[in-house]
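Residues per chain are reported as follows:
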Amino acid sequence: MYRTALRNVLAHKGRLLMTALAVLLGTAFVAGTMVFSDTFGSALSNSYSKSYSDSAVQVTDRGSQSTNSSTNSGTNGSADGTDKGGPNGPQLTAATVNQLAALPGAAQARGTAENFAAVADKHGKALGRGMGSHGANYVPNSGGQDSRYPMAQGRGPQKSGEIALDRQSADKAGYRIGDTVRVATNGPAMDTTLTGIFTTDDPKVGSGEPLVLFDTATAQRLLLTPGQFSEISVTAKPGTSQQALLDEVLPLLPHSNSITAETADQLKADQRAMVTKDMSSVRTMLLAFAGISLFVGIFIIANTFTMLVAQRTRELALLRAIGASRKQVTRSVLLEALLIGVFSSVAGLLAGIGIGAGMQSLIGHLGTGTTPSGPLVIAPTTVVTALVVGVLVTVVSALLPARRAARIAPVAAMASGDQPATQKGLVVRNSIGGVIAGGGLALILWGASAGSNGKWIVAGGAVATLIGTFILTPLLSRPLIALIGPALGKLFGVSGKLARQNAVRNPRRTAATASALTIGLTLVSALTVLAASMNGWLDKEISSSLKADYAVQMSNGMPVSPTIAAQVAKTPGVAASSPVNDTYLHIDGQDQSVSGIDPAQAPQLLTPTMQSGSFAALAQGQLLVDANMAKSRHLAVGSTLPTTFPDGSTGTLKVGGVYAVNPMINSMTMISDSVLTGHGVQPNYTQVLVKGAHGESGTLEQALVTAGGNNPLIQVQSQQEMRDELNSIISFALNMLYGLLAMSVLVAVLGVVNTMAMSVFERKREIGMLRAIGLNRPAVKRMVRLESVVISLFGAVLGLGLGCFLAWAVNGTLKSSLDGLSTVLPYGKLLVFLALAGLVGLVAAIWPSRRAAKLDILDSIKAA
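Rules used in this analysis
- As a convention, each chain's residues are numbered from 1 in the sequence order in which they are written.
- For a predicted model such as this one, the threshold for reporting local features is a pLDDT of at least 70, and the threshold for listing and counting side-chain atom pairs is 80 or more; totals across whole chains, interfaces and linings nevertheless cover every residue.
- Side-chain metrics in this entry use all non-hydrogen atoms of the structure; hydrogen atoms and water are not considered.
- Between rings of Phe, Tyr and Trp, where Trp is taken as its six-membered ring, a pair exists when centres lie within 6.5 Å; planes separated by under 30 degrees are stacked, by over 60 edge-to-face, and by other angles tilted.
- Secondary structure elements follow DSSP: runs of H or I no shorter than four residues count as helices, runs of E no shorter than two count as strands, and numbering proceeds from the N terminus.
- The buried label applies to any residue whose accessible area, calculated with a 1.4 Å probe on protein chains only, is under 20% of its type's maximum; exposed applies above 50%, and partly exposed to all values in between.
- Surface patches are defined over residues having more than 30% relative accessible area and no salt bridge, joining like charges when they lie within 9 Å and nonpolar side chains (Val, Leu, Ile, Met, Phe, Trp, Tyr) when within 5 Å.
- Each accessible area value is a Shrake-Rupley result obtained with a 1.4 Å probe; residue values ignore everything except the protein chains displayed when judging cover.
- When a carboxyl oxygen of Asp or Glu is within 4 Å of a side-chain nitrogen of Lys or Arg, the pair counts as a salt bridge.
- Charged residues are defined narrowly, with Lys and Arg counted positive, Asp and Glu counted negative, and His plus the chain ends left uncounted.
- Lysine's charge is taken at NZ, arginine's at CZ, aspartate's at CG and glutamate's at CD.
- Strands are labelled as partners when DSSP assigns at least two bridges between them.
- Inter-axis angles, ranging from 0 to 180 degrees, are taken between N-to-C directions of lines fitted to C-alpha atoms, where helices are fitted over the stretch in contact.
- Any two residues whose heavy atoms approach within 4.5 Å are treated as being in contact.
- In this classification, the charged set is Asp, Glu, Lys and Arg, the nonpolar set is Ala, Val, Leu, Ile, Met, Phe, Trp, Tyr, Cys and Pro, and all remaining amino acids, among them Gly, are polar.

Some points on the packing of aromatic side chains
A complete count under the given rule lists 3 aromatic pairs for this structure. Geometrically, the ring pair formed by Tyr-149 and Phe-198 is edge-to-face, given 5.4 Å between the ring centres and 65° between the ring planes. Taken together, the residues Tyr-149 in the loop between β5 (134-138) and β6 (151-154) and Phe-198 in strand β9 (residues 190-198) connect sequence positions 49 residues apart. The class of Tyr-149 is buried, set by a relative accessible area of 5%. Residue Phe-198 is classed as buried on the basis of its relative accessible area, which comes to 0%.

Re a positive patch on the surface
Where like charges cluster on the molecular surface, the positive patch consists of Arg-326, Arg-403, Arg-404 and Arg-407. Judged by its relative accessible area of 42%, Arg-403 falls in the partly exposed class.

Quick word on unusual backbone geometry
For Asp-588, which is not glycine, the phi torsion reads 50° and is therefore positive. Mapping Asp-588 onto the fold places it in the loop between β14 (574-587) and β15 (590-597). At His-634, a position not held by glycine, the phi torsion is positive, near 55°. Locating His-634 in the fold gives a position in the loop between α20 (627-633) and β18 (640-644). For His-634, a relative accessible area of 71% corresponds to the exposed category.

Here we look at the pairing of β18
Only one face of β18 is covered, namely the face carrying Leu-641 and Thr-643; the face carrying Thr-640, Pro-642 and Thr-644 is uncovered. Sheet analysis places β14 next to β18, joined by 2 bridges and oriented antiparallel. In the strand pairing of β18, Ile-587 is matched with Thr-643. Here β18 pairs with strand β19 (residues 650-659) via 5 bridges, running antiparallel. Bridging across to β19, Thr-643 finds its partner in Gly-651. In textbook terms, the turn of a hairpin is the stretch between consecutive antiparallel strands, and for β18 and β19 this stretch comprises 5 residues, one of which, Gly-648, has a positive phi near 95°.

What to know about the pattern of salt bridges
Applying the stated criterion to the full structure yields 5 salt bridges. A salt bridge links Lys-691 to Asp-549; the nearest nitrogen and oxygen atoms lie 3.9 Å apart. On the criterion of sequence distance, the pair formed by Lys-691 in strand β21 (residues 685-692) and Asp-549 in the loop between α18 (507-545) and β13 (550-554) is long-range, its members being 142 residues apart. Judged by relative accessible area, Asp-549 falls into the buried class, the value being 8%.

Some remarks on the packing of helix α12 (residues 380-397) against helix α13 (residues 399-406)
Interhelical geometry of α12 versus α13 gives an angle of 35° and a closest axis separation of 4 Å. Contacts between α12 and α13 involve Val-395, Val-396 and Ser-397 on the former and, on the latter, Leu-399, Leu-400 and Pro-401. Split into classes, the residues belonging to the contact of α12 with α13 amount to 5 nonpolar, 1 polar and no charged.

What follows is the structure, given as structure tokens:
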């Protein structure tokens, strides 16, 4: 039987090709994901580790950068860097550096002043993408050089107004020594002179973000507080261990919760752990889509082996007649699956290694900078996982066809080449499918009506409905395909009629082929409808609730300086403006996000949908809460909430109104900004809303940019630009998901090709007879292609219907959180998906149809 299995694999290798490809693609997706995540994670960890290559112990003031973010926004002073000391003054100073350098085990100590800094190109636009853009201090030795930042051209900065820039950013912007470069933190920009261009292995620079260097005094003034360092790196003398040096360092550090000291080895380990955690989420997402591809492949494998068993009925019956037991027949079929699984998994593993390397290269080409590089990492786990998954999926998929093969009665099989399903079997199948699908639909309807509490109910119902639909697909195929039967006959004559009849001749086979497409299109259509619904809700909410013409904010997400907010208010042509001060208060025992706004200006800028109470309650110092918070905490107008403020004082806030969730309000609550500032809340302006005296205009927009000190990161957005930005985020996520689902659609296409090719072989005699009675070759091609298109469209219609229904149900669970959300069906896109499904069927039938048309008439009629 083992030799028989091997002979069958070799004899039917053409018919098994698509099955092998399906397994190969799924396995390659799994292996490629694991290779890429391991390789990129390793390269990233090694890149970050280089930051600690010249130190044994690093002392960090974790409060310095957060202090600067707020101080540059006006927490303790102006945006120009003056009077920005923290509440306790600088923590790490030059005196601290000297003390650490004098330790017995220390070779040297270096103070670093590092924080956010933006660099503009020659057109005033920011280099890099935002938060990663940073500045630091240049620390020259006795020879005037800084070993951490070796100069490729020019010299390091020596005084205020001079900077050095990393070579990658300088080349990108076209800067040369002596050029004027605009630099800013989060306030007005300043003009500086470029004195040096340096090289660095800083991972942020490698990812495309600029690094600008100042002399130490200027860096401290602009980035931190005068006299303050954010880090001190201590190098050990030969023979001194990192731990021993750390023990010497710790007693000298200021007593502060924000000051930490760690060895370089510990920092490297922390970085590796962080990278592993970040890459784990990426890997999980990619593996989920790989799982979808493999799940689609199950239908193809099962369908292939079912057709092979049907085509070899007489052969299997003969084996049973000469003494082969049922177990031997089952093992023979499973052994064929095992051989295919092993071969495909090995090939998939090799392809996956290539995919992993290709993804690494692609990330490098798509990025704005040089991504970390390193050797390809092929972990034993990757090899084992890829092989086990591929083999297991193939064998499990072939299990049911193998059991069917063993049940073939020798005498009945010798008399017929095909064993149709019994009426009892069909009744049982349809009954089970009806119960599961009905239960799933009931769960979906229940979950959709349960609001936010019904998400998991809908998820469970969706799984049950899909499974039930797959079981019922053979039953559904006849009536649905019959709907287009008359049209096929009228448009394509005999070929159309034959195509319809062939499509419903074997409903199980049609169902298995169509189901592969159904899975992909269910997910694609559901995501598309959800995205369209969310975009529609955002457009409606912005149009109805936002009266402001512009929003001024920092493109990197940092707070807007109060200096800029004040300048915006004074800009000619501005009728009303108010910064939005986002912070946290301890309300009713929980930390709660709060947005402070000027109540005198707010009615001209915002018109949130009030479900109860009044927007005017802001002017009375009362709290406005969104519907989600009101529901979760059982709040209503008049409710009082005990509150602890940042200055240590306590009080009670009264709820003055409940408003619908609004995309323009980041927090779940709104209050007058004067209430916040009166209790020690420092400005953290996420945006400044602006109403123009004459509406939107190019003149006003440019004036607002100028009011921002021409900071390259100042972003002035109109209402339409706000909508476009939010829509682009959704579109980007949707396109990424489309790309990840493309593999499962490709596997489904292979399934259609496989089914049609094997169907042509199975109907060889029939096609020969049709040719003999006058059906010409073009008509044969048309018949096979139309059959393929009909099956593809059948799967697409099921998928689109299920996807739209599931999207409606998910929207139902979100309505309680997003008031006014309605299901939007993007008919244009759905019709495109339907047309693409038909095109998939047409393309998939090219090879099988050509093969059918080339069959020799006499050889086909003589075929057994």
